[in-house]
Amino acid sequence: MPLSDCRLIDLPKISDARGNLTFVEGNNHIPFEVKRVYYLYDVPGGADRGEHAHKDLHQFVISMSGSFDLLLDDGFDKKRFQLNRPYYGVYVCPMMWRYLDNFSSGSVCMVLASGPYDETDYIRDRDEFLKAVGAA
Ligand code: TYD
């Protein structure tokens, strides 16, 4: 899938005097059914996460609190997203190298995923990824 398919998605935001509420519906706001949720927290300053691609997994990345950057790379082009609000997120399609950095202190990164954890779906070797997308 092309890098242009990976995009910022605005989520509904219901605001009233009691605060804000945002929700995400699989196959509606995001183009896949959610089968797993995981989150990164207590990330120490200067730490990087990610640095891999997934063969088939679709993901949606949200900053629930604080901020961080998500860098996506299809082997040819790169896109950097700064995530700092809980009412939008980035859809990450399969076969996209991802890299997370610039975590602010106390930030929480929540990821909605289209399938259960499966190590065989990961490509952790950059050269293997570049070969797979024809960019070696
Ligand atoms: P990994 O996906 O490599 O983390 P990141 O890309 O954020 O740096 O996962 C780190 C470890 O956690 C790895 O040993 C696999 C394990 N893990 C699970 O067991 N289940 C999960 O849902 C996820 C995302 C990771």
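Placed above this text is the structure.
These numbers come from a predicted model, not from an experiment. (Residues numbered from 1 in each chain as written. Predicted model: local features only at pLDDT ≥ 70, side-chain atom pairs only at ≥ 80, totals over all residues. Heavy atoms only, no water.)

Section: the overall build of the protein chain
- Of regular secondary structure, the protein chain possesses 1 helix and 12 strands.
- For the protein chain, the α and β elements follow one another from N to C terminus as β-β-β-β-β-β-β-β-β-β-β-β-α.
- Compactness check: the protein chain gives a C-alpha radius of gyration of 15 Å against a globular reference of 14 Å for 136 residues, within 12% of the reference.
- Referenced to the eigenvectors of the C-alpha coordinate spread, the extents of the protein chain come out at roughly 55 × 35 × 25 Å.
- The proportion of buried residues among the 136 residues of the protein chain is 42%.
- Sequence separation of at least 24 residues holds for 76% of the intrachain contacts in the protein chain that already meet a minimum separation of 6.
- Total accessible area on the protein chain is roughly 7,500 Å²; 48% of this is exposed by carbon and sulfur atoms.
- For the protein chain, the separation between the mean place of its 15 positive charges and that of its 20 negative charges on side chains is 3 Å. (Helix = DSSP H or I, 4+ residues; strand = E, 2+ residues; numbered from the N terminus. Rg over C-alpha atoms; globule rule 2.2 N^0.38 Å. Buried < 20%, exposed > 50% of the residue type's maximum accessible area, 1.4 Å probe, protein only. Contact = heavy atoms within 4.5 Å. Areas by Shrake-Rupley, 256 points an atom, 1.4 Å probe, with all protein chains shown as cover. Lys, Arg positive; Asp, Glu negative; His and termini not counted. Charge placed at Lys NZ, Arg CZ, Asp CG, Glu CD.)

Side note on the site of the ligand
- Taken together, the neighbourhood of the ligand is formed by Arg36, Tyr38, Leu40, Arg49, Gly50, His52, Tyr117, Tyr122 and Arg124.
- With respect to the ligand, the side chain of His52 contributes an N or O atom lying 3.4 Å from an oxygen atom.
- Side-chain polar atom of Tyr122 to an oxygen atom of the ligand: 2.6 Å apart, as the coordinates give it.
- The protein chains hide 61% of the 530 Å² of surface that the ligand would expose on its own. (Near = heavy atom within 4 Å. Polar contact = N/O pair within 3.5 Å; in protein donor to acceptor, adjacent residues only side chain to side chain.)

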